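Listed below, chain by chain, are the residues.
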Amino acid sequence: MGRPRLVIVTRTFWPLVGAAATTAARLAIGLMEADWGVTILTARYHESWPARIHFHDAMVRRLGPPHASRWAEWRFQWALKRWLHRHAEDYDLVYVLDLHQDARTVLRAVGRRCPVVLRAPDALPADDSLQSNRRKEQAAVLARLNPAAVVCGDPAAEQALAAAGFSEACIQRIPNGVRLAAPRTAKSRLEARNLFAEAGNVLRMPEWAPLAVYLGAMQNDRGLEYLVAAWPPVGLRWPNARLWLVGDGPFRDGLRRQISGLKLSGRAMVLGRFDHVEELLDAADVLVHPGACQAPSLAVAEAMGAGLPVIAADSPGHRALLEHNRTGLLVPPANIEALTEALIHVFDDPNTADRLGRAAHDYARRRLALAKMVGKHVILFQSLLQQSASR
């Protein structure tokens, strides 16, 4: 067998950010380093974006703008199906980061010509989980279309997929992988803060001032209003403490109004999206994810890989990664007082913060390393290609 050729189908990709885009990019790079050929099929959200670009050595094809209307969505699905038909001799396996319409289109277009692997989302909103009737019906349709495998990142998703009709042999658990940063030092923290200070005075802060960050979507189910509400009492103990909310979404303007109403301007800020978060994690003292979630958060895993302490809402997704008071701090969801106490505890006690960060980094090294994720995908894909060749 020659160099295996993989097509990755993902709705979001660079320059967009998010869990799916990050997973696709990291996996593509890792597979190319393992001598796989990679093509990425994604959406073209703006007319000014070129239809073709190169990402490292991978060809990226942007097929059209989805979701703008039913007609635009149909055109995207039609373009996806047409590309797969026209290039049927140019790929050996297709990996779809989706359990929605894209997955159905790919399975029907490819048929039995080559293996099709699906990946379940890693973080679903509470009202859009695999437990909902609508999602169960969609997953059941996919199960009947017989994908070669469906990949998920945690036991809860594995159980939900089984309940939807996917066979035990079909389901493969491969958690998202993260980069492992060098051990955090006072020097790396200062260098990162100086970098942000040079970017603008609004990001300048005293070297010793505590910094908490949130990374992720700004939606009304993320508990961000409780985090902002916790900041005035935190400020009584640490007047120069900063809170940076990094991301985008429909709740962004509401958070800015809440910050203004609490007179927190300059101390709590909504910063929008970051293409790269490494320097942000280096500059911070703690990552906070105050909303309950059903699946592991990529942002929490990123922080663990950076050796950064994490405070998160006590919920199944966060418990899948964090053990309370060992690799992080878990607090009751929607509890401002508990969130305040946890933040002050981490800021007051550097030894506790260091202990939590080191334990989190060790867990990430053993369980979440990017190389492990890529290696598990290579083993799965090679096995499926061998099975396909023997038919």
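Now for a quick tour of the structure.

What counts and what doesn't
- Residues numbered from 1 in each chain as written.
- Predicted model: local features only at pLDDT ≥ 70, side-chain atom pairs only at ≥ 80, totals over all residues.
- Heavy atoms only, no water.
- Helix = DSSP H or I, 4+ residues; strand = E, 2+ residues; numbered from the N terminus.
- Rg over C-alpha atoms; globule rule 2.2 N^0.38 Å.
- Buried < 20%, exposed > 50% of the residue type's maximum accessible area, 1.4 Å probe, protein only.
- Expected span 1.5 Å × (residues − 1).
- Contact = heavy atoms within 4.5 Å.
- Axes fitted to C-alpha atoms, helices over the stretch in contact; angles between N-to-C directions.
- Left-handed = near helix turned anticlockwise from the far one by under 90°.
- Nonpolar A, V, L, I, M, F, W, Y, C, P; charged D, E, K, R; others polar.
- Patch = residues over 30% accessible without salt bridge, like charges linked within 9 Å, V, L, I, M, F, W, Y side chains within 5 Å.
- Areas by Shrake-Rupley, 256 points an atom, 1.4 Å probe, with all protein chains shown as cover.
- Salt bridge = Lys/Arg side-chain N within 4 Å of Asp/Glu carboxyl O.
- Phe/Tyr/Trp six-rings, centres within 6.5 Å; stacked < 30°, edge-to-face > 60°.
- Pairing = 2+ DSSP bridges.

## Focus on the overall build of the protein
The helix and strand tally for the protein stands at 14 helices and 14 strands. Computed over the C-alpha atoms, the radius of gyration of the protein is 22 Å, within 12% of the 21 Å expected from 2.2 N^0.38 for a compact globule of 391 residues. With the C-alpha coordinates of the protein rotated into their principal frame, the extents come out at 65 × 40 × 40 Å. Within the protein, the proportion of its 391 residues that are buried is 53%.

## Re helix H13 (residues 350-367)
Counting along an α-helix, one turn takes 3.6 residues, and residues three or four places apart therefore face a common direction. Taking 1.5 Å of rise per residue, the 18 residues of H13 would be expected to cover 26 Å, and the 25 Å separating its terminal C-alpha atoms lies within 8% of that figure. Every buried residue belonging to H13 is among Thr352, Ala353, Leu356, Gly357, Ala359, Ala360, His361, Tyr363 and Ala364, and all of these are buried. Buried residues along H13 sit in contact with helix H10 (298-305), strand S14 (329-331) and helix H12 (336-348).

## Brief notes about unusual backbone geometry
For His56, which is not a glycine, the phi torsion comes out positive at approximately 55°. Residue classification places His56 among the exposed residues on the basis of a relative accessible area of 55%. A positive phi angle, near 60°, is found at Ala334, a position not held by glycine. Within the element layout of this structure, Ala334 appears in the loop between S14 and H12. The partly exposed category is assigned to Ala334, whose relative accessible area is 46%.

## Remarks on the packing of helix H2 (residues 70-86) against helix H3 (residues 101-110)
Close contact between H2 and H3 brings their axes to 9 Å; oriented N to C, the two are set at 35°. Judged by the sense of rotation from one axis to the other, the crossing of H2 with H3 is right-handed. Residues Glu73, Phe76, Gln77, Leu80, Lys81, Leu84 and His85 of H2 touch H3, and the partners they reach there are Gln101, Asp102, Thr105, Val106, Ala109 and Val110. Tallied by class, the residues present in the contact of H2 with H3 amount to six nonpolar, four polar and three charged.

## Brief notes about a nonpolar patch on the surface
Taken together, Trp71, Trp74 and Trp78 make up a surface patch of nonpolar side chains, about 400 Å² in accessible area. Tracing the chain through its elements places Trp78 in helix H2.

## Side note on the environment of His56
Residue position: His56 is located in the loop between strand S3 (52-55) and strand S4 (58-62). Placed 292 residues apart in sequence, His56 and Asp348 show a C-alpha to C-alpha distance of 44 Å. Those residues in contact with His56 that lie beyond four places of it in its chain are Ile29 and Met32.

## Some points on H10
In terms of burial, H10 is a largely internal element, eight of the eight residues being buried. The complete set of buried residues in H10 reads Leu298, Ala299, Val300, Ala301, Glu302, Ala303, Met304 and Gly305. Gly307 occupies a position one or two residues after H10 and carries a positive phi of about 75°.

## Considering the packing of aromatic side chains
Scanning all chains against the criterion turns up ten aromatic pairs. Taken together, a centroid distance of 6.4 Å and an interplanar angle of 75° make the contact between Trp238 and Phe347 edge-to-face. Of this pair, Trp238 sits in the loop between helix H7 (224-237) and strand S10 (242-246) while Phe347 sits in helix H12, placing them 109 residues apart in sequence. On the basis of relative accessible area, Trp238 is assigned to the partly exposed category, the value being 22%. Feature note: the residues Trp36, Tyr95 and Phe381 constitute an aromatic cluster, connected by ring pairs.

## Some remarks on the environment of Ser388
Position of Ser388 relative to the elements: it lies in helix H14 (residues 370-390). Along the sequence, Ser388 and Ala342 sit 46 residues apart, while their C-alpha atoms lie 52 Å from each other.

## Comments concerning the sheet that holds strand S2 (residues 37-42)
The strand order S3-S4-S2-S1-S5-S6-S7-S8 describes an open sheet built from eight strands, whose pairing is mixed. Only two strands of the sheet have a single partner each, and these edge strands are S3 and strand S8 (171-173). Going from strand to strand, the sheet's axes swing by 25° on average, the running direction of each strand aside. Pairing analysis gives three bridges linking strand S7 (residues 149-152) to S8, with the strands arranged parallel. Bridging from a neighbouring strand, Cys152 pairs with Arg173 of S8. Sheet contacts for helix H1 (residues 19-33): strand S1 (5-9), S2, S3, S4 and strand S5 (93-96); angle to S2, the most-contacted strand, approximately 160°.

## Some remarks on the pattern of salt bridges
Tallied over the full model, the rule gives 18 salt bridges. Where Glu302 meets Arg26, a salt bridge forms, and the shortest distance between an N and an O atom there is 2.6 Å. Note that Glu302 is positioned in helix H10 and Arg26 in helix H1, a separation of 276 residues in sequence. Per residue, the accessibility class of Glu302 equals that of Arg26, and both read buried. Residues participating in the shared-partner salt-bridge network are Arg11, Glu73 and Asp102.

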